[in-house]
Amino acid sequence: MSRHGKQPSRRTVLAAAGGAAGASALGLAQPAVAAPAGAAAEQPPFVTPAVRPGDARFPDLTVGLNQRWTAAPDRVHLVSGTEQVVAVVAEAAAAKRRVSVRSGGHCYEDFVYNAGIDVIVDMSEMNRVYFDAEMKAFAVEPGATLGEVYDRLYRGWGVTVPGGMCYSVGAGGHVAGGGWGLLCRRDGLIVDHLYAVEVVTVDGTGSAKAVIATREDTGHLHDLWWAHTGGGGGSFGIVTRYWFRSPKAQGDEPSGLLPKPPAEVLVSALSWPWAKMTQADFTTLVRNFGAWHEAHGAPGDTGGLVSLLNLNHRSGGEIGLLTQVTGDTPNAEGVLQDYLDFIGRGMTVAPERPSENSSEHGPLANFFVPRRWSWLKATHYLGTSNQVMTNPVLRGDEKSAYHRRAFTDRQIATLYQHLRSGQLDNPMAQVVVSSYGAQVNAVPSAATAQGHRDSVFKVLYQTNWTEAEDDAVNLAWLRALYQETYEDKGGVPVPDEQTSGCFVNYCDIDLGDARYNTSKVPWHDLYWGANYPHLQQVKAYWDPTDFFRHGQSVRLP
């Protein structure tokens, strides 16, 4: 029977009892998976036996982007279809093996790669993007990178989803955490366009099955869909497919079912040299950025403009401001100039073209004078001109905050002190303050699991480095910066008039450590606030044995 009680079809719920799938899971000797409706002709599915220790591929399959985290599992399964995932999970459940799942490998903490994991399910070969005529929605498999998603949606149908900026992030974890990107102020979050999700779950008896849940469902199925609109990855099951269709979209024509990106974007990148930046100028710059966003955070207010203030450590040479205005914004050049005038108002130091040795030279130099590029060209360029893409062999740590109001002068002084600290000599240490709000704030906080719907900007505190011997100094610098910025709140951005918590996709295990979070707000409330009890109820129904878990997965009630 299908999930709606109809005759079996492509949407039939796939199931495997825990003890019945062991042999096939171990070898992945699976039948070919039928091409979904609307999909282009595909090569035969990628099928390989489990990759085990001693295999030359094993080291590369047991470490993610953050080189701090590695694993030593019994096996890694490279899967290419839902049936394979069901079989692998069923075998692991029967044998009581711990499972983790990788899509793009960008998890900031050790939730995928750690010593307790027995089986890694690697989704990188499940990377198709296609229009599903039966669902009247665009299917995206979890191993597809955001760059692949944007390319295929736009080249094929002239549409997009408002996802993240980094080209190599996998859709699997990005969507589940409620991803955001450069079109968020115009089109909201990527989960605001999520129509359905296919998830491999494990019930109380240890049986694995694949379930499809949609936005239109009710009861437990709707809850499962809702949990994947910002509840984070690794708590409810393994996502094998997402479908996207905007809530108000009508008809069957694919080009009308998701947002159309602008044909062009106007991009500006300014740079202020640290050598000329006084504390007064720094304070003015950060204060102006916050004030503009406080004044323009409501839905419909300047939605075509998104800006990132890159407060790099002084060893990086410059502070940068990257701004994108959609080309279809009325008087786009005037809107951009008004914004830049506001941000620079009262500063005594003028922006300069980046120096050749600047950590920001790549993306900033090309847009020192604002220029119009096609949306796709700009998306490619900006998505690949960052630390992750230019130096992929990194160790790192990250923290986050949502702000309802601007930084206080005391907080700005703390940022200035730590960004100029001689304790660290690392051009990859930075604080990135990013536009938020506008259309993001048009959605009620309980409508999606991602409940941060009244913030005006988001902050990423991060440092990346390459050598293990530099772990201690980088971690100490970042922890001190973050704790002192929010010291009057207990060291974390607790929900209050100014801040509203943290971004689950910038996962931070320190939020659950009493040494670093001295507030009375637990880590899960920083991520999900009032939505957490609902997530726990979904967890209890769909994963009653807590089979899918990690350091900050949703806990059973």
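Residues numbered from 1 in each chain as written. Predicted model: local features only at pLDDT ≥ 70, side-chain atom pairs only at ≥ 80, totals over all residues. Heavy atoms only, no water.

## Remarks on the side chain of S268
With respect to the helices, strands and loops of the structure, S268 is situated in strand β10 (residues 264-273). The exposure class of S268 is buried, given its relative accessible area of 0%. In contact with S268, other than residues within four places in its own chain, are L321, L322, T323, L336, L340, F367 and P370. (Helix = DSSP H or I, 4+ residues; strand = E, 2+ residues; numbered from the N terminus. Buried < 20%, exposed > 50% of the residue type's maximum accessible area, 1.4 Å probe, protein only. Contact = heavy atoms within 4.5 Å.)

## Quick notes on the pairing of strand β6 (residues 137-140)
Bridge count for strand β5 (residues 129-132) against β6 is 4 bridges, and the pairing is antiparallel. Counterpart to Y130 in the pairing with β6 is A139. What sits between β5 and β6 in their antiparallel hairpin is a turn of 4 residues, with K136 showing a positive phi close to 55°. As defined by bridge partners, β6 adjoins strand β9 (residues 238-244) across 3 bridges and the pair is classed as antiparallel. Bridge pairing links V140 to Y242 in β9. (Pairing = 2+ DSSP bridges.)

## Digging into helix α14 (residues 471-485)
Helical periodicity: at 3.6 residues per turn, an α-helix aligns residues three or four positions apart in one direction. Spanning 15 residues, α14 covers 21 Å between terminal C-alpha atoms, matching the ideal 21 Å at 1.5 Å per step. Within the sequence span of α14, burial applies to D471, N474, L475, W477, L478, L481, Y482 and T485. Along the long axis of α14, the arc covered by the buried residues comes to 160°, so they all point the same way. Considering only its buried residues, α14 is in contact with β14 (395-403), α13 (409-419), β15 (429-435) and β16 (457-465). (Expected span 1.5 Å × (residues − 1). Arc of directions from axis to C-beta.)

## Some words on the layout of surface pockets
By volume, the second largest pocket is sized at about 430 Å³. Lining of the second largest pocket is provided by 23 residues; of these, D192, H193, S246, P247 and V443 occupy positions nearest its centre. Looking at side-chain class alone, the lining of the second largest pocket contains 12 nonpolar, 6 polar and 5 charged residues. (1 Å grid on protein atoms, 1.4 Å probe; cavity = no way out; pocket = protein on both sides within 12 Å on 5 of 7 lines; lining within 4 Å. Points joined across faces, edges and corners; volume = space filled by probe spheres on them. Nonpolar A, V, L, I, M, F, W, Y, C, P; charged D, E, K, R; others polar.)

## What to know about α13
Among the residues of α13, those classed as buried are Q411, I412, T414, L415, Y416, H418 and L419. Looking at the buried residues of α13, the elements they touch are α8 (279-295), β11 (305-312), β14, β15, β16 and α14.

## Let's talk about empty space enclosed by the protein
Following the criterion strictly, the structure yields 2 cavities of 30 Å³ or more and no others. The computed volume of the largest cavity comes to approximately 150 Å³. Lining the largest cavity are 15 residues, with G163, G164, L182, W375 and T379 positioned closest to its centre. Among the elements that make up the lining of the largest cavity, the one with the highest residue count is helix α11 (residues 375-384) (4 residues). Residue classes in the lining of the largest cavity are distributed as 9 nonpolar, 6 polar and no charged. There is about 40 Å³ of room inside the second largest cavity. Taken together, K399, R479, Y482, Q483, V492, D508, D510, L511 and Y516 make up the lining of the second largest cavity.

## A word on unusual backbone geometry
Even without being a glycine, K96 presents a positive backbone phi close to 60°. Locating K96 in the fold gives a position in the loop between α3 (82-95) and β3 (99-102). With a phi angle near 55°, K136 is a residue other than glycine that sits in the positive phi range. Its place among the elements puts K136 in the loop between β5 and β6.

## A few points about the sheet that holds strand β4 (residues 119-122)
What the 3 strands build is an open sheet, ordered β2-β4-β3; its pairing is parallel. Looking at which strands have only one partner, the edges of the open sheet turn out to be β2 (75-78) and β3. For this sheet, the mean inter-axis angle between neighbouring strands, taken without regard to orientation, is 20°. Pairing of β2 with β4 involves 4 bridges; the strand directions are parallel. The residue of β4 that forms the bridge with R75 is V119. Together, β2, β3 and β4 form the strand contacts of α3, whose direction differs from that of β2 by roughly 160°. (Axes fitted to C-alpha atoms, helices over the stretch in contact; angles between N-to-C directions.)

## A word on the environment of G105
By the secondary structure assignment, G105 is in the loop between β3 and β4. The sequence separation of G105 and N66 amounts to 39 residues, and the corresponding C-alpha distance is 8.2 Å. Apart from residues no more than four positions distant in its own chain, G105 is found in contact with G64 and L65.

## Some details on the state of the cysteines
One covalent bond between the sulfur atoms of two cysteine residues makes up a disulfide. Applying the stated criterion across every chain yields a total of 0 disulfides. No disulfide involves C107; its nearest neighbouring cysteine sulfur is the one of C507, lying 3.9 Å away. In this structure C107 comes out as partly exposed when scored by relative accessible area, which is 26%. (Disulfide = S-S within 2.5 Å.)

## Overview of the nonpolar core
Among soluble globular proteins, nonpolar side chains are generally buried collectively. By size, the foremost hydrophobic cluster in this structure holds 119 residues, and its most contacted members are F282, L311, F407 and Y461. Grouped together as the second largest cluster of nonpolar side chains are 20 residues, V88, V121, V202 and A210 included. (Core = buried A, V, L, I, M, F, W, Y, C linked by side-chain atoms within 4.5 Å.)

## So, the pattern of salt bridges
Within the structure shown, the criterion is met by 28 salt bridges. Between R395 and D471 there is a salt bridge whose closest N-O contact spans 2.8 Å. Residue R395 is found in strand β14, and its partner D471 is found in helix α14; the two are separated by 76 residues along the sequence. Given the relative accessible area of 14%, R395 is considered buried. Look at the salt bridges and you will find they share partners, linking D74, R75, E91 and R97 into a network. (Salt bridge = Lys/Arg side-chain N within 4 Å of Asp/Glu carboxyl O.)

## Overview of the confidence of the model for the protein chain
Across the protein chain, the average pLDDT comes to 90, with 88% of residues at 70 or higher. Note that residues 1-42 has pLDDT below 50 and, in this model, 99 contacts with residues that lie over four places away or in other chains. (pLDDT = per-residue confidence, 0-100.)

## Quick word on the side chain of S100
Tracing the chain through its elements places S100 in strand β3. Non-local contacts of S100, meaning those with residues more than four positions away in its chain, are made with F111, V112, I117, V119, I120 and V121.

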